[in-house]
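# Overview (structure and organization)
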Amino acid sequence: MLVEINFDGIVGPSHNYAGLSLGNLAATAHAGETSYPRAAALQGLEKMRGNRALGLTQGFFLPLPRPNHRFLTEIAADGHTDHALLAAAWSASSMWTANAATVSPAPDTRDARCHLTAANLVTMPHRYQEWPDTLRQLQIAFADAAHFKVSGPVPACFGDEGAANHMRLCASHAEPGLEVFVYGRRGGRFPARQHEEASRIVARAHGLDPARVLFVEQNPAAIEAGAFHNDVVAVANERVLFTHELAFADPEGTYAAIRAKVPEAEIVVVPDSAVSLAEAIRTYLFNAQLLTLPSGEMALVIPTEAQESPAVRGWLDAMLAGNGPIRRVIAVDVKQSMANGGGPACLRLRVVADPDTVDPRFLLTDALEDRIAGVIEEWWPEHIDPGELGSSGLENDVANARGKLLEALELPELG
Ligand code: SUG
């Protein structure tokens, strides 16, 4: 039985605000602030708990080893190394698993397996170093080769940021879908992190039917306004696309192409006059989880920042009063992640699969929820000042905390 499983990244014990992502306005605005890794990880866990309580299958990925000694060796780090580069080796950025890989479920692929291609994340040094450890984790979680094909990244000359720039529209998760790859045009003020070439390579490698694939250009104005990934301004689930009016370079052409291929598509467009692009990006209204509940109804899991915005709240209230496809709105507190530009949707990778084919050590249960919470409460640093990055005391605490989690989850292979 194929269902959508959300794999959230457990926020790592080195979570900090180093201001590393140019073009990600929240991350650069909070550079240098004190972070709270324990609170951050518990907020993430609470979101997972909430989604499980809705009756949904929930998975998770573990934080990667930090500081990353492989990277420190590669850059020949020494006592004079630039602090930002050093901080890159400490980043807990793998928590945003929407950037871990691009996923094409079995109904869409030529060999009828679910394909996952690890994202190379080459645009940002702190993210580029994620993929080897991410790939290892994907290979363990999805080791069942009859059902999954896990692949390494596309060549590093093309930037690929994974599922954050990929949407799937379909009548229901288990049926063939239209896969929409959204890329940015290079040359603007901020980097276009998803390159068209990378998207096309992934689509070919996954064996997608060219008739059920679209390549869509992101609106350069959206990147300029801080939408460094398309999932900051649009999200899709089954037959519904929920998008800001200014998300795509050619919105009408994009909607028409989607409707031509998925006749049942319902496109919910939020006009700029109701919620400006700046407000959408500040509040992360679109970085929501759009979920199909067991009842068949759709719910939108938004960050509290969106809930608290009068413009967003007004628009959502009107939407709920109407008879559109999204019937519930649920607000979650992921403020620690939000301050680095990561909302509810950044924190999860969607995989349509039969849960029985996934390594059960990556699937959340009541017992595992308690076990993970116990480890976080006991071992995750309460706070980190960016100046502490590089200290051996913090290094021991971070490595020890992660080690305790691997032990608790019986995943020694990731050590
Ligand atoms: O890649 N922030 C992440 C946020 C990723 C959000 N993911 C999605 N939109 N799917 C990024 O920009 C900030 C880290 C720092 O500055 O310390 C950071 O990496």
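A brief structural summary. Quick caveat: nothing in here was measured; it's all calculated off a predicted structure.

Parameters and conventions
- All chains use their own residue numbering, which begins from 1 and follows the written sequence.
- pLDDT decides what is reported in this predicted model: residues at 70 or higher carry local features, side-chain atom pairs at 80 or more are listed and counted, and totals for whole chains, interfaces and linings draw on all residues regardless.
- Computation of side-chain values covers all heavy atoms of the structure but excludes hydrogens and water.
- In this text, near means that some heavy atom of the residue lies within 4 Å of the molecule or strand in question.
- In the analysis that follows, any N or O atom pair within 3.5 Å is treated as a polar contact, provided that within protein one partner can donate a hydrogen and the other can accept it, and provided that, for residues neighboring in sequence, both atoms belong to side chains.
- In this description, accessible areas are obtained by the Shrake-Rupley approach with a 1.4 Å probe, and a residue is regarded as covered only by the protein chains that are shown.
- In this analysis the probe radius is 1.4 Å and the grid spacing 1 Å, with only protein atoms considered; a cavity is a set of points the probe fits into but cannot get out of, a pocket is an open set with protein on both sides within 12 Å along at least five of seven lines, and lining residues have an atom within 4 Å of a point.
- To be counted as sitting in a cavity or pocket, a molecule needs more than half of its atoms within 2 Å of that site's grid points.
- Gly is placed with the polar residues, together with every amino acid not listed as nonpolar (Ala, Val, Leu, Ile, Met, Phe, Trp, Tyr, Cys and Pro) or charged (Asp, Glu, Lys and Arg).
- Here a helix means four or more residues in a row that DSSP labels H or I, a strand means two or more in a row labelled E, and each is numbered from the N terminus.
- By the convention used here, residues are in contact when the closest approach between their heavy atoms is within 4.5 Å.
- Criterion used throughout: strands pair if DSSP finds at least two bridges between them.
- Only the stretch in contact is used when a helix axis is fitted, and all axes are lines through C-alpha atoms; the angle between N-to-C directions ranges over 0 to 180 degrees.
- In plain words, nonpolar cores are sets of buried Ala, Val, Leu, Ile, Met, Phe, Trp, Tyr and Cys residues tied together by side-chain atoms within 4.5 Å.
- When a residue's accessible area, from a 1.4 Å probe over protein chains only, is under 20% of the maximum for its type it is buried; when over 50% it is exposed; and in between it is partly exposed.
- Only rings of Phe, Tyr and Trp enter the pairing, Trp through its six-membered ring, and a pair is recorded when the two centres are within 6.5 Å. The plane angle decides the type: under 30 degrees is stacked, over 60 is edge-to-face, the rest tilted.
- Sitting over a ring, as applied to charges here, requires NZ of Lys or CZ of Arg to be within 6 Å of the ring centre and within 35 degrees of the ring normal.

As a structural note, the neighbourhood of the ligand is formed by 20 residues, with Leu20, His126, Arg193, Asp231 and Cys346 the closest of them. Leu20 places a main-chain nitrogen or oxygen 2.6 Å from an oxygen atom of the ligand. At 2.8 Å, a side-chain N or O of Ser21 approaches an oxygen atom of the ligand. Computed on the free molecule, the ligand has an accessible area of 480 Å², of which 100% lies beneath the protein chains in the complex. At a threshold of 2 Å from the grid points, most atoms of the ligand map onto the second largest cavity. Its residues assigned to classes, the shell around the ligand shows eight nonpolar, nine polar and three charged.

Another point: the environment of Leu42. Within the element layout of this structure, Leu42 appears in helix 2 (residues 37-53). Setting aside chain neighbours within four positions, we find Leu42 in contact with Ala373, Ile376 and Glu377.

What follows concerns the sheet that holds strand 15 (residues 348-353). Across the sheet, which stays open at both edges, the three strands sit in the order 2-1-15 with mixed pairing between neighbours. The sheet is open, and its two edges are formed by strand 2 (58-61) and strand 15, each paired on a single side. Across the sheet, the mean angle from the axis of one strand to that of its neighbour is 30°, orientation sign disregarded. Strand direction decides the pairing type here: strand 1 (residues 3-9) and strand 2, joined by four bridges, are parallel. Within strand 2, the position partnered with Phe7 by the bridge is Gly59.

So, about the nonpolar core. Ranked by size, the top nonpolar core spans 77 residues in total, and within it Phe7, Phe142 and Val351 carry the most contacts. The element contributing the most residues to this core is helix 14 (residues 366-379), with five residues. Beyond its immediate chain neighbours, meaning those up to four positions away, Phe142 contacts Phe7, Phe61, Leu116, Phe148, Val150, Val351 and Val358. One finds Phe242, Ala280, Leu285 and Val329 within the second-largest nonpolar core, a separate group that totals 21 residues.

Below, the discussion takes up the pairing of strand 1. Among the seven residues that make up strand 1, six are buried, leaving the element largely enclosed by the rest of the structure. Note: strand 1 against strand 15, six bridges, orientation antiparallel. What sits directly across from Asn6, in strand 15, is Arg350.

Counted by the stated rule, this structure contains nine aromatic pairs. Ring centres of Phe7 and Phe61 lie 5.0 Å apart, and the angle between their planes is 10°; this geometry places the pair in the stacked category. With a gap of 54 residues between them, Phe7 in strand 1 and Phe61 in strand 2 connect regions that are remote in the sequence. Judged on exposure class, the residue Phe7 and its partner Phe61 are both buried. Its end group placed over the ring of Phe215, Arg200 keeps NZ or CZ at 4.1 Å from the ring centre. Against the face of Trp379 rests Lys404, its NZ or CZ located 4.7 Å from the ring centre.

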